[in-house]
Amino acid sequence: STASCVEMVAPVVSAAESGHDESPQFSFPDDGIDYDLLSKARSLCTPQELDKIRRERNRMHAKRTRDRKRIFIEETEEMIKHL
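Note that this is a predicted model, so its numbers are computed, not measured.

Visitor: Could you clarify how one ought to interpret the side chain of E56 in this entry?
Guide: By the secondary structure assignment, E56 is in helix 3 (residues 47-81). Sequence-distant contacts of E56, defined by excluding residues within four places in its chain, comprise G32, I33, D34, L37 and L38.

Visitor: Honestly, the pattern of salt bridges in this entry has me stumped. Any pointers?
Guide: Pairing between side chains of opposite charge can happen when the charged atoms of each approach one another. Scanning the entire structure with this criterion turns up 3 salt bridges. Between R59 and E56 there is a salt bridge, and its shortest N-O distance comes to 2.7 Å. Taken together, the residues span about one helical turn, with R59 and E56 both in helix 3 at a distance of 3 residues. With a relative accessible area of 42%, R59 lands in the partly exposed category. Judged by relative accessible area, E56 falls into the buried class, the value being 11%.

Visitor: Sorry if this is basic, but what is going on with the confidence of the model for the protein chain here?
Guide: Predicted coordinates in regions of low pLDDT should not be interpreted in detail. Across the protein chain, the average pLDDT comes to 76, with 70% of residues at 70 or higher. By mean pLDDT, the top-scoring element of the protein chain is helix 3 (94), and the lowest-scoring one is helix 1 (residues 15-18) (48). Within the model, the stretch residues 6-16 combines pLDDT values under 50 with 15 contacts to residues more than four positions away or in other chains.

Visitor: Mind showing me how you'd approach helix 3 here?
Guide: Because each turn of an α-helix spans 3.6 residues, side chains separated by three or four positions end up pointing in the same direction. The terminal C-alpha atoms of helix 3, which comprises 35 residues, lie 51 Å apart, in line with the 51 Å expected from a rise of 1.5 Å per residue. Where helix 3 is concerned, the buried positions are E49, I53, E56 and M60. Of the surrounding elements, those touching the buried residues of helix 3 are helix 2 (35-38).

Visitor: Before we go on, may I ask you to explain the environment of L50 in this structure?
Guide: Relative to the helices and strands, L50 is located in helix 3. The exposure class assigned to L50 is partly exposed, which follows from its relative accessible area of 34%. Ignoring any residue separated from it by four or fewer positions in sequence, one finds L50 in contact with R42 and C45.

Visitor: Can you walk me through the nonpolar core in this structure?
Guide: In summary, soluble globular proteins display a tendency toward joint burial of nonpolar side chains. I33, Y35, L37, L38, C45, I53 and M60 form the largest nonpolar core, which has 7 residues in total. Listing elements by their share of this core, those giving two or more residues are helix 2 and helix 3. With 3 residues, the top contributor of residues to this core is helix 2. Residue contacts for M60: discarding those within four places in its chain leaves I33 and L38.

About the criteria used
- Each residue is numbered by its place in its chain's sequence as written, counting from 1.
- The predicted origin of the model limits local features to residues at a pLDDT of at least 70 and limits the giving and counting of side-chain atom pairs to 80 or more, whereas totals for whole chains, interfaces and linings rest on all residues.
- Note: side-chain values were computed over all heavy atoms of the structure, leaving out hydrogens and water.
- A run of H or I in DSSP counts as a helix once it spans at least four residues, and a run of E counts as a strand once it spans at least two, with each numbered from the N terminus.
- The criterion used for residue contact is that any of the two residues' heavy atoms lie within 4.5 Å.
- Criterion for a salt bridge: a side-chain nitrogen of Lys or Arg within 4 Å of a carboxyl oxygen of Asp or Glu.
- Exposure categories follow from relative accessible area, calculated using a 1.4 Å probe and restricted to protein chains: below 20% of the type maximum is buried, above 50% is exposed, and the middle band is partly exposed.
- Along the chain, pLDDT gives the predictor's confidence residue by residue, from 0 to 100.
- Under the convention used throughout, the expected extent of a helix is 1.5 Å for every residue step, that is, one less than its residue count.
- Think of a nonpolar core as a cluster: buried Ala, Val, Leu, Ile, Met, Phe, Trp, Tyr and Cys residues, connected wherever their side-chain atoms sit within 4.5 Å.

Laid out in structure tokens, this is it:
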């Protein structure tokens, strides 16, 4: 179960302590990637949890690769239109 995995959590600094007026809490983008799973302490995870983490990382890298390719194709097509 994922409950046996311990999460690594960064301390939250208040706005007054950081000197910033905006909200100090960081939120991950809503891009379908399970960042909570990826932030687990690997040394305390079961082999099944490590497999799940590996699959999620692979999914994340594949998505980023597809996004980079899509952007490259769009920019190339735009450049060709202007030639």
